[in-house]
Amino acid sequence: MSRNREPPFLQRKNLLILGPPGSGKTELALALALREEEPEKLLVFDLDQTKGMFRLRDLSPRLEGRGVRLIHGEEFLDSPLVPGGVAEALADPAHRVILDVGGGQNGARTLGRYRELLGEGTTQALLPVNPFRRPGLTAQSLGEELAATLAWAGLEPDRACILCNPWRGGDGGREAALEGADRLSRLLEPLGLAWEAVMLPESLAGKVSFPGKETLWIRPQVPGLPERR
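All values derive from a computational prediction rather than experimental measurement. (Residues numbered from 1 in each chain as written. Predicted model: local features only at pLDDT ≥ 70, side-chain atom pairs only at ≥ 80, totals over all residues. Heavy atoms only, no water.)

Colleague: I would appreciate a short explanation of the environment of Val44 in the present structure.
Modeller: By the element assignment, Val44 lies in strand β2 (residues 42-46). Classification of Val44 by relative accessible area gives buried; the value is 0%. Placed 55 residues apart in sequence, Val44 and Leu99 show a C-alpha to C-alpha distance of 6.1 Å. Other than its neighbours up to four places away in sequence, Val44 contacts Ala33, Leu56, Val68, Arg69, Leu70, Ile71 and Ile98. (Helix = DSSP H or I, 4+ residues; strand = E, 2+ residues; numbered from the N terminus. Buried < 20%, exposed > 50% of the residue type's maximum accessible area, 1.4 Å probe, protein only. Contact = heavy atoms within 4.5 Å.)

Here it is in structure tokens:
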């Protein structure tokens, strides 16, 4: 990532990626790390507090092959522990930091110890939402989730960027992207919010666009997720 060429919401020193399983958070963290132009200055922390199908630590060879350092804790009784060094990295001006925080609000609670550092103005929260993966999601529950997540991290709403991840599955394509974006827009409207950017696979380049919105083109990297067409 070259900060000068990235959208404004990707230009802060510390990027905090939060979301429940299936939101696209780990895919986003991996994509941003792999496009970093100075990988030796990037520290990626896997703070995922869930035991899902995969976590960023499961993809460490891809990051290490690019010279990116991935840091994660050990596990105790099959539960992940928070690694050391997070506070030092957040405060170190010589490094960029990506925090991959899974587990929804439970994961966000782990950030409470870093509230002071996260609130200094160098951190941007990225909140990917996949409306297809959460069929029972309502505007009220989404609003409560976003507010609680930011509160645990000690961040104001203007420091958060909602990303639309309109992937419906292996059969998803242009129509799914349009439908997902519309569905999320309608969920956010009663809250007075809007998504700022959309995550789309590179295979859809030239096939779909959202005028006035930033597009993050993703080359799918997560095992078991086929290229989205």
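Picking up after the structure, the text goes on.
Colleague: Would you mind going over the nonpolar core with me for this structure?
Modeller: Soluble globular proteins tend to pack their nonpolar side chains together in the buried interior. Membership of the largest hydrophobic core comes to 40 residues, with the highest contact counts inside it found for Leu16, Phe45, Leu99, Leu111, Leu118 and Trp195. Once you skip the residues sitting within four places of it in the chain, Leu118 turns out to touch Leu16, Leu90, Leu99, Leu111, Thr123, Ala153, Leu155 and Arg159. By size, the runner-up hydrophobic cluster in this structure holds 25 residues, among which are Ile17, Leu28, Val44 and Cys161. (Core = buried A, V, L, I, M, F, W, Y, C linked by side-chain atoms within 4.5 Å.)

Colleague: What's the story with the pairing of strand β1 (residues 14-19) in this structure? I'm lost.
Modeller: Counting buried positions over the 6 residues of β1 gives 6, a clear majority of the element. A two-sided burial pattern is seen for β1, the buried positions comprising Asn14, Leu16 and Leu18 on one face and Leu15, Ile17 and Gly19 on the other. Bridge analysis of β1 against strand β6 (residues 96-102) gives 6 bridges, and the strand direction is parallel. Counted as the bridge partner of Leu15 is Ile98 from β6. (Pairing = 2+ DSSP bridges.)

Colleague: Quick question: what am I supposed to make of the confidence of the model for the chain here?
Modeller: If pLDDT is low for a region, its predicted coordinates should not be looked at in detail. Considering every residue of the chain, the mean pLDDT works out to 81; 81% of them sit at 70 or more. In this model residues 224-229 is a low-confidence stretch, pLDDT under 50, and it forms 23 contacts with partners more than four residues away in sequence or in other chains. (pLDDT = per-residue confidence, 0-100.)

Colleague: Honestly, helix α7 (residues 174-188) in this entry has me stumped. Any pointers?
Modeller: Since there are 3.6 residues in each turn of an α-helix, residues three or four apart along the chain are aligned in direction. The terminal C-alpha atoms of α7, which comprises 15 residues, lie 21 Å apart, in line with the 21 Å expected from a rise of 1.5 Å per residue. Listed in full, the buried residues belonging to α7 are Ala176, Ala177, Gly180, Ala181, Leu184, Leu187 and Leu188. The arc that holds every buried residue of α7, seen down its axis, measures 130°, which confines them to one face. (Expected span 1.5 Å × (residues − 1). Arc of directions from axis to C-beta.)

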